[in-house]
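Chain by chain, the residues run as shown.
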Amino acid sequence: MREQFLNFLGIALRAGKIIGGTDLTIKGIRDKSVKLVIMASDCSERTKKTLNDKTSYYEVPIIDVFSSDELKKSIGKDRKVMGITDLGIARRLKEIMQN
């Protein structure tokens, strides 16, 4: 399940459906372009609180079970926070996590 999720994340990046970084992701949450937030489990407490508050207010699902190393290996970039902008890809990633 974890491997499948990370592989699909790489596909989403190549498709151009990921925005990276805390500020861009929060902006995307606010303007409703982000459909799913992926946050590294080893983010700072301040970042975790900020993103959890934003995602719960705007009702955007969040996945925070992967380390920053796992995320880095899957997309080839050092990102601790990213937003998925495509609804179909977001749905598929959530399905993979539920299996």
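Residues numbered from 1 in each chain as written. Predicted model: local features only at pLDDT ≥ 70, side-chain atom pairs only at ≥ 80, totals over all residues. Heavy atoms only, no water.

## Considering the pattern of salt bridges
Scanning the entire structure with this criterion turns up five salt bridges. Note that Glu70 is salt-bridged to Arg2, the shortest N-O span being 2.9 Å. One end of the pair, Glu70, is in helix α4 (residues 68–75); the other, Arg2, is in helix α1 (residues 2–14), and 68 residues separate them in sequence. Given a relative accessible area of 23%, Glu70 falls into the partly exposed group. (Salt bridge = Lys/Arg side-chain N within 4 Å of Asp/Glu carboxyl O. Helix = DSSP H or I, 4+ residues; strand = E, 2+ residues; numbered from the N terminus. Buried < 20%, exposed > 50% of the residue type's maximum accessible area, 1.4 Å probe, protein only.)

## Let's talk about helix α5 (residues 87–98)
Its twelve residues give α5 an end-to-end C-alpha distance of 17 Å, which sits within 8% of 16 Å, the value for a rise of 1.5 Å per residue. All of the buried residues along α5 are Ile89, Ala90, Leu93 and Ile96. Down the axis of α5, the smallest arc covering the buried residues is 125°, so these residues share one side. Lining the buried residues of α5 we find α1, β2 (36–39) and β4 (81–84). The backbone nitrogen of Gly88 lies 3.1 Å from a side-chain oxygen of the residue at the head of α5, namely Asp86. (Expected span 1.5 Å × (residues − 1). Arc of directions from axis to C-beta. Contact = heavy atoms within 4.5 Å. Polar contact = N/O pair within 3.5 Å; in protein donor to acceptor, adjacent residues only side chain to side chain.)

## Some thoughts on the side chain of Thr25
The residue Thr25 is located in helix α2 (residues 22–30) in this model. Note on Thr25: relative accessible area 0%, which makes it buried. Not counting residues within four places of it along the chain, the set of residues in contact with Thr25 comprises Ile19, Gly20, Val34, Val37, Val81, Met82 and Gly83.

## A short note on the packing of α2 against helix α3 (residues 45–58)
Following both chains from N to C, one finds α2 and α3 inclined at 15°, their axes separated by 10 Å at the closest point. Considering the angle they form, α2 stands roughly parallel to α3. Both α2 and α3 take part in a crossing whose hand is left-handed. Residues Thr22, Ile26, Ile29 and Arg30 of α2 pack against Thr47, Thr50, Leu51, Lys54, Thr55 and Tyr58 of α3. (Axes fitted to C-alpha atoms, helices over the stretch in contact; angles between N-to-C directions. Parallel < 35°, antiparallel > 145°, perpendicular 65-115°, else oblique. Left-handed = near helix turned anticlockwise from the far one by under 90°.)

## Considering the packing of aromatic side chains
In this description, a pair of aromatic rings is defined by centroid distance and the angle of the planes. One pass over the structure, following the stated rule, counts two aromatic pairs. Centroid distance Phe5 to Phe66: 4.7 Å. Interplanar angle 15°. Geometry classified as stacked. Of the two residues, Phe5 is situated in helix α1 and Phe66 in the loop between β3 (62–63) and α4; the sequence distance between them amounts to 61 residues. (Phe/Tyr/Trp six-rings, centres within 6.5 Å; stacked < 30°, edge-to-face > 60°.)

All we've got here are geometric facts, nothing functional implied.
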